[in-house]
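# Descriptive structure summary
Each chain, letter by letter, is given below.
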Amino acid sequence: MSKLATWARLKSPWVLHFNSGACNGCDIEVIALLTPRYDVERFGIKLEGSPRHADVLLTTGSVTKQCAERLKRIYEQMPEPKFVVAIGACACSGGVFKGNYNVLDGVDKVIPVNVYIPGCPPKPEAIIDGVVKLLNSVKEAKPNGK
Amino acid sequence: MVVDLWFVFRVLVFPGFTFIFFFTMFCDWMERKIEARMQNRVGPAFTGPAGILQPFADIIKLLSKEDIIPSGAKRNVFRLAPILAFSFVVFAFSFLPIDGSAVIPNSSFAGDLIFVMALITIANFFLFLSGWASSNPYGDIGATRVLTQFLGYDIPLTLLALAPAFIAGSLTISVIAANQYLPFAILAPWAFVLFIVTLQAELEKDPFDIPHAESEVIGGLETEFGGGKLAFLRLTRDVQIVFGAALVVELFLGGPYGPVFFGLPELWYFLWFVLKILAVVLITEYVTCLFARLRIDQVLSGNWKVLLPLSVLSLALTVAVATWIYPLVM
Ligand code: SF4
């Protein structure tokens, strides 16, 4: 039974895209995943609008102080098991905004992160690679941070 | 006892619940593939051969997820409404003759066309309730949109369904289906085309999919639903689409009846039924891909100012030319 559930989880990761103060470069790359060129629906990945539907949270941006609360709330609204992917140098460590007075320097200051994808912005290939790594780690079934 | 077993088999396995479920999953996969191909994409590709297991993976995953009930939601309605909506659609399905007779044998009665459409209305009302009970602004907006759109388009749909009923001289679905040696889609094409357009609105597909326009209302009435309840909401929508196609087949395309070449007629009827449904699903999906979403005011005024008068006209036309049509029936 749990084998079946893991299979289903691997085959249909629905993602939610959250911009916590990115310059929009990374966001364009995330949206590029859905275009005919990369078409991640091949792997069953679907972009959902509501955090309640999502399995994977794709965060971009260096988390402004104003956004931190919202990011946390969105994360808490997602049903278990849930995973977080930090996309872009900003989301990993603050990137070009590191040390700024109004940012928290990375998503992992607020919520646990499963996969970091560096790059400014990362290529769509890199994002797919990151998601594949995430899925491989799901095979051992480790929901967030444990 | 033997009769009872047969009855249980028909209701639960074939052509009842199991068949409807698997067929719905197949249609869902086909729709996603068509949509992807029309957008120059591949669509689901790695879940089973050509991604055919993708809908199953989605449903199983949703069922295995955490079940959240938001603190503001009306707990009981929130929990029950999606399941009730699903069961009403499946119940409505069981009145359609699938392999020459309905799922529950001898369940057809005079006027079951109206009864089935009433069941579908109730199912949509439960969809509305589920959105309403979630106490989320987006859910509320989506729910009221479902209700506004559905109540409006129900009238032309019923009027248009009366055209084949009038030609066949009966309100019983099986009689209407059995009377079509020449499909009513050929005898009364005006009603057929309008019925497909109205159905598109009933099923909340493009260009009428304002109840779940992602860019406006996030997930519409589904916004607060996750896990198993979302699975039931999605299933309801998919079964509704197949049901709509099945209704078109029964009313306009001669139901399950078609040439029988050899062997059991039931098998052939079943084959024709499935093929015809797939053809209708293909048409509706084609329309969905071709058209952009309308605004809500356009959808509503299109209903009351265009489709309603047109459907009355089409009924009048059907009545007017009935004398010439009758010799072609029977
Ligand atoms: S990583 Fe680069 S592209 Fe992405 S949000 Fe930060 S600055 Fe923009």
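Because the structure is a prediction, the values reported are computed rather than measured.

### Some points on the site of the ligand
All names here are of chain A. Around the ligand, the surrounding shell consists of Ala 22, Cys 23, Gly 25, Cys 26, Gly 88, Ala 89, Cys 90, Val 96, Gly 119, Cys 120 and Pro 121. Taken together, the elements giving at least two residues each to the shell around the ligand come down to α2 (25-32) and α4 (88-93). For the shell around the ligand, the element with the most residues is α4, which contributes three residues.

### Re the sheet that holds strand β4 (residues 83-87) of chain A
With respect to topology, five strands assemble into an open sheet ordered β2-β1-β3-β4-β5 (chain A), the strand pairing being parallel. Each edge of the open sheet is held by one strand with a lone partner, namely β2 (46-47) and β5 (115-117) of chain A.

### Quick notes on empty space enclosed by the protein
Residue and element names in this part refer to chain B. Overall, the coordinates contain four cavities of 30 Å³ or more when judged by the stated rule. When its volume is computed, the largest cavity comes out at roughly 120 Å³. Looking at the largest cavity, it is lined by 14 residues, and the ones nearest its centre are Ile 120, Leu 157, Leu 199, Glu 202 and Phe 243. If you list the elements that add at least two residues to the lining of the largest cavity, you get α5 (112-133), α6 (137-168), α9 (189-202) and α11 (227-252). Across the lining of the largest cavity, the residue classes break down as eight nonpolar, four polar and two charged.

### Quick look at the interface of chain B and chain A
Contacts between the two partners involve 31 residues from chain B and, on the opposite side, 29 residues from chain A. Between chain B and chain A, the buried area comes to about 2500 Å², and carbon and sulfur atoms account for 55% of it. At the boundary of chain B with chain A, the tally comes to six salt bridges. Applying the counting rule to chain B against chain A returns 20 residue pairs in polar contact (both at pLDDT 80 or more). Among the elements of the structure, α2 (17-38), α3 (54-63) and α11 of chain B are those that each provide at least two residues to the side of chain B that touches chain A. Looking at which element gives the most residues to the side of chain B that touches chain A, the answer is α3(B), with six residues. A class-by-class count of the residues in the side of chain B that touches chain A yields 14 nonpolar, eight polar and nine charged.

### Some words on the confidence of the model for chain B
On average, residues of chain B score 82 in pLDDT, and 95% of them are at 70 or above. Reported for the predicted complex are a pTM of 0.86 and an ipTM of 0.80.

### Some words on the layout of surface pockets
All names here are of chain A. By volume, the second largest pocket is sized at about 340 Å³. As for the second largest pocket, its lining consists of 20 residues, and the residues nearest its centre are Phe 43, Ile 45, Val 131, Val 132 and Leu 135. Elements supplying a minimum of two residues to the lining of the second largest pocket: α1 (2-11) and α5 (124-139). Top contributing element to the lining of the second largest pocket by residue count: α5, with seven residues. Here the lining of the second largest pocket is built from residues that sort into 16 nonpolar, two polar and two charged.

### Concerning the pairing of strand β3 (residues 56-60) of chain A
All names here are of chain A. Within β3, five of the five residues are buried, which leaves it mostly tucked inside the rest of the structure. Here β3 shows two buried faces, one formed by Val 56, Leu 58 and Thr 60 and the other by Leu 57 and Thr 59. Two elements, strand β1 (residues 14-19) and β3, share five bridges in a ladder whose sense is parallel. Note on β3: the bridge partner recorded for His 17 is Leu 58. The pairing of β3 with β4 spans five bridges and is parallel.

Thresholds applied
- Residues numbered from 1 in each chain as written.
- Chains lettered and ligands numbered in written order.
- Predicted model: local features only at pLDDT ≥ 70, side-chain atom pairs only at ≥ 80, totals over all residues.
- Heavy atoms only, no water.
- Near = heavy atom within 4 Å.
- Helix = DSSP H or I, 4+ residues; strand = E, 2+ residues; numbered from the N terminus.
- Pairing = 2+ DSSP bridges.
- 1 Å grid on protein atoms, 1.4 Å probe; cavity = no way out; pocket = protein on both sides within 12 Å on 5 of 7 lines; lining within 4 Å.
- Points joined across faces, edges and corners; volume = space filled by probe spheres on them.
- Nonpolar A, V, L, I, M, F, W, Y, C, P; charged D, E, K, R; others polar.
- Contact = heavy atoms within 4.5 Å.
- Buried area = accessible area lost by both parts, 1.4 Å probe.
- Salt bridge = Lys/Arg side-chain N within 4 Å of Asp/Glu carboxyl O.
- Polar contact = N/O pair within 3.5 Å; in protein donor to acceptor, adjacent residues only side chain to side chain.
- pLDDT = per-residue confidence, 0-100.
- Buried < 20%, exposed > 50% of the residue type's maximum accessible area, 1.4 Å probe, protein only.

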